[in-house]
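One letter stands for each residue in the lines below.
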Amino acid sequence: MRLTPPRSGVLHLITDPRPRGAQVFAHELHRELRARGWNSRIAALAPQDDGTPPGGSAATAPLSGPAEAAPASVRDVAVLGPTRMHPRTLRALRRATAGAGVVVAHGSTTLPACTLALAFRRTPFVYVNIGDPRHWAARPDQRLRVGAMLHRAAMTASVSPTGRDLLVAHYRLPAGKVRAIPNGRRPEAYLRVDAASRAAARKELGIPDDAVVIAVVGALSREKRVGLAIEGFARHLVGITGAAATADPSDLRQRELPDAAPLLLVAGDGPERAELAALADRRAPGRVRFLGTVGDAAPVYRAADALLLTSASEGVPGVLVEAGLSGIPAAATDVGFVRDVVLDGRTGALAASGDPGAVAAAIGRAVAHRDAWGAAAYEHCTKAFAMEAVVGAWEDLLQSVMAEAPASS
């Protein structure tokens, strides 16, 4: 049973209009709430990333794929000021809350912005915690600062039950003020792969039908550790071609590799691209293809036998959910809340963080169990991350926050 939307509105606040996971999820939630009759608006603090840390985490380059491809309504949102924490920005945010029953602050610097701009105002805000608090507030001073801001929020929504428990434990938040609501995706937006759609995707990308294809989808930036993905892939490659994992890269150059030898597709762009291309040429010559930023990563998912994610820290990565909805298993480093999506030995394979040998082994396992694990990933992601249930949970949260907010004077 759906709730009756209140007359007062919801203002979604994002850091900037870049096509990243938090921003696009904000747009999707905004759109779904409007479809259910809510008065919903969306605004950005600044026109672009200005490098302002949200309390410990650094800004990253844009990703690619369906969750990160920028809809026009994300690119064209109202921008409040020149930089995220500029006084003009905060004043504009304060004015923008007029008529809003609640503000939803979608990650990063939206937390300090709302803490300052909404001080002594009756408008409550909900903070969406998208990452692992153990990573972005590791130092005691960071924890104190972030904790003080979180206590100002009317509610905090974590993308993971584990994240919810960590927020309660690390920041002594009342358990009733923290809820776990996953990042949602619309299953109908993703085509579950079959033999025909995989063949068509590979033809589109110029890949042999019988090749083993591993895909990386994401920003080519430091925290994504795509270099670890390349090194793990190289070790997987030399292992199945008969070379020792410690072999000199020239050994691969001298070998006659078949067209169907494993191929690593890298969809995304960022500051490390040149360095990563040089690494790929040294460690896996001719077997890594950089696609650059793609507007739609769906063909990349369908062409792949497995998705590879080797980040240093993550929340609940949208690319893992999207791959699962496409029927693709994953090999991923066991960081953050990756386990919410990758059930080791059921929907994919987990690897110890930072260990290229473990990454190589995880790739091998995921490829070997592609069909069974891909089917399980589809079932798991359809049940756990469907947008319909996610929006329902958000409606319940927003209604409760607005019901408890003090009446306007």
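Throughout, residues of each chain are indexed from 1 in the direction in which the sequence is written. The predicted origin of the model limits local features to residues at a pLDDT of at least 70 and limits the giving and counting of side-chain atom pairs to 80 or more, whereas totals for whole chains, interfaces and linings rest on all residues. Neither water nor hydrogens contribute to the side-chain values; these are computed over all heavy atoms in the structure.

Visitor: I'm lost on the packing of aromatic side chains in this one. Help?
Guide: Ring pairs (aromatic) are described by centroid distance and by the angle formed between their planes. Each aromatic pair joins two rings of Phe, Tyr and Trp (for Trp, the six-membered one) with centres within 6.5 Å, and gets the label stacked for planes under 30 degrees apart, edge-to-face for over 60, and tilted for any other angle. With the rule as written, the count across this model stands at zero aromatic pairs. Criterion for a charge above a ring: Lys NZ or Arg CZ within 6 Å of the ring centre, and within 35 degrees of the ring normal. If you follow Arg192 out to its NZ or CZ, it ends over the ring of Tyr378, 4.1 Å from the centre.

Visitor: For this particular structure, what's the right way to read the pattern of salt bridges?
Guide: Side chains that differ in sign of charge can pair as their charged atoms come close. Think of a salt bridge as a Lys or Arg side-chain nitrogen and an Asp or Glu carboxyl oxygen that are within 4 Å of each other. This structure, assessed with the given rule, holds 19 salt bridges. The residue Arg18 makes a salt bridge to Asp16 at a minimum N-O spacing of 2.8 Å. For the pair Arg18 and Asp16, one class covers both residues: buried. Note that Arg84 is salt-bridged to Asp16, the shortest N-O span being 3.3 Å. Of this pair, Arg84 sits in the loop between strand S3 (78-79) and helix H3 (87-96) while Asp16 sits in the loop between strand S1 (9-14) and helix H1 (21-35); the two residues are 68 residues apart in sequence, bridging distant segments of the chain. Just as Arg84 is buried, Asp16 falls in that class too. Only protein chains enter the accessibility calculation, which uses a 1.4 Å probe; a residue whose area is less than 20% of its type maximum is buried, one above 50% is exposed, and one in between is partly exposed. Put simply, DSSP H or I for four residues or longer makes a helix, DSSP E for two residues or longer makes a strand, and each gets a number counted from the N terminus.

Visitor: What's the story with the sheet that holds strand S2 (residues 40-44) in this structure? I'm lost.
Guide: Note on sheets: strands pair through backbone hydrogen bonds, and any given pair is parallel or antiparallel. For two strands to be treated as a pair, DSSP must find at least two bridges joining them. With respect to topology, seven strands assemble into an open sheet ordered S3-S2-S1-S4-S5-S6-S7, the strand pairing being parallel. On the outer flanks of this sheet lie S3 and strand S7 (178-180), each paired with one strand and no other. As judged from the five bridges shared by S1 and S2, these two strands associate in the parallel manner. From the neighbouring strand, His12 faces S2, where its bridge partner is Ile42. Here, residues are in contact when the closest pair of their heavy atoms is within 4.5 Å. Lines fitted to C-alpha atoms define the axes here, with helix axes fitted over just the stretch in contact, and angles between the N-to-C directions of these axes take values from 0 to 180 degrees. The strands touched by helix H7 (residues 161-171) are strand S5 (125-129), strand S6 (155-158) and S7; relative to S7, the strand with the most contacts, the crossing angle is about 165°.

Visitor: Which parts of the structure should I look at to understand the environment of Phe337?
Guide: Along the chain, Phe337 falls in the loop between strand S12 (330-333) and strand S13 (348-351). Sequence separation of Phe337 and Glu314 is 23 residues, and the distance between their C-alpha atoms is 6.5 Å. When sequence neighbours within four positions are dropped, the list of residues in contact with Phe337 reads Gly131, Asp132, Pro133, Arg134, Val159, Ser160, Thr162, Gly163, Leu166, Glu314, Gly315 and Val316.

Visitor: What is the right way to look at helix H6 (residues 140-152) in this model?
Guide: Helical geometry note: an α-helix holds 3.6 residues per turn, so side chains three or four residues apart project in the same direction. For H6, with 13 residues, the first-to-last C-alpha span of 19 Å sits near the 18 Å given by 1.5 Å per residue. All of the buried residues in H6 are Gln142, Val146, Gly147, Met149 and Leu150. For H6, the arc enclosing every buried residue in end-on projection is 165°, short of the 170-degree limit, so these residues lie on one face. Those residues of H6 that are exposed and aimed more than 90 degrees away from the buried face are Pro140 and Leu144. Take the number of residues in a helix, subtract one, and multiply by 1.5 Å to get its expected span. The reported arc concerns the directions from the helix axis to the C-beta atoms and nothing else.

Visitor: For this particular structure, what's the right way to read unusual backbone geometry?
Guide: Not every positive phi belongs to a glycine, and Ser108 is a case in point at roughly 55°. Here Ser108 shows up in the loop between strand S4 (100-106) and helix H4 (110-117).

Visitor: Which parts of the structure should I look at to understand the sheet that holds strand S8 (residues 213-217)?
Guide: If you walk across this open sheet you meet the six strands as S10-S9-S8-S11-S12-S13, and the pairing is parallel. Of all the strands in the sheet, the pair left with one neighbour each is strand S10 (288-292) and S13. The average undirected angle you get between the axes of adjacent strands in this sheet is 20°. Note that S8 and strand S9 (residues 263-267) share five bridges and pair parallel. Paired with Ala215 across the two strands is Leu265, which belongs to S9. Of the strands in this sheet, S8, strand S11 (306-309), S12 and S13 are in contact with helix H14 (residues 356-368), which crosses S13 at around 175°.

Visitor: Teacher, can you tell me more about the confidence of the model for the protein here?
Guide: Note that predicted coordinates carrying low pLDDT should not be read in detail. The pLDDT value expresses, per residue, how confident the predictor is, ranging between 0 and 100. Per-residue pLDDT for the protein averages 88, and the proportion of residues at 70 or more is 86%. A low-confidence stretch, residues 52-73 stays under pLDDT 50, and its non-local contacts, those more than four residues away or across chains, total 70 contacts.

Visitor: What am I meant to see in the nonpolar core here?
Guide: The nonpolar side chains of a soluble globular protein tend to be buried with one another. As used here, the term nonpolar core means buried Ala, Val, Leu, Ile, Met, Phe, Trp, Tyr and Cys residues forming a set that is joined through side-chain atoms within 4.5 Å. With 38 residues, the main nonpolar core has Val217, Leu307, Leu320 and Val338 as its most contacted residues. Element by element, the count of residues in this core is highest for helix H13 (residues 318-325), at five residues.

Visitor: Help me understand the environment of Ala43, please; the structure alone is not making it clear to me.
Guide: Relative to the elements of secondary structure, Ala43 occurs in strand S2. The buried category is assigned to Ala43, whose relative accessible area is 4%. Ignoring anything within four residues of it in the chain, the contact list for Ala43 reads Leu11, His12, Leu13, Ile14, Ala78 and Leu80.

Visitor: Is there a simple way to think about the packing of H1 against helix H16 (residues 387-404) in this case?
Guide: To describe two helices that pack against each other, one gives the angle between their axes and the distance between the axes. Closest axis-to-axis distance for the H1/H16 pair is 10 Å, and the angle between their directions is 80°. By the angle class used here, H1 and H16 are roughly perpendicular. Residues Phe25, Glu28, Leu29, Glu32 and Leu33 of H1 form the contact with H16, whose participating residues are Met387, Val390, Val391, Trp394, Glu395 and Leu398. Lys, Arg, Asp and Glu make up the charged group, whereas Ala, Val, Leu, Ile, Met, Phe, Trp, Tyr, Cys and Pro make up the nonpolar group; the residues left over, Gly among them, are polar. The class makeup of the residues in the contact of H1 with H16 is eight nonpolar, no polar and three charged. Here the angle decides the label: under 35 degrees means roughly parallel, over 145 means roughly antiparallel, 65 to 115 means roughly perpendicular, and every other value means oblique.

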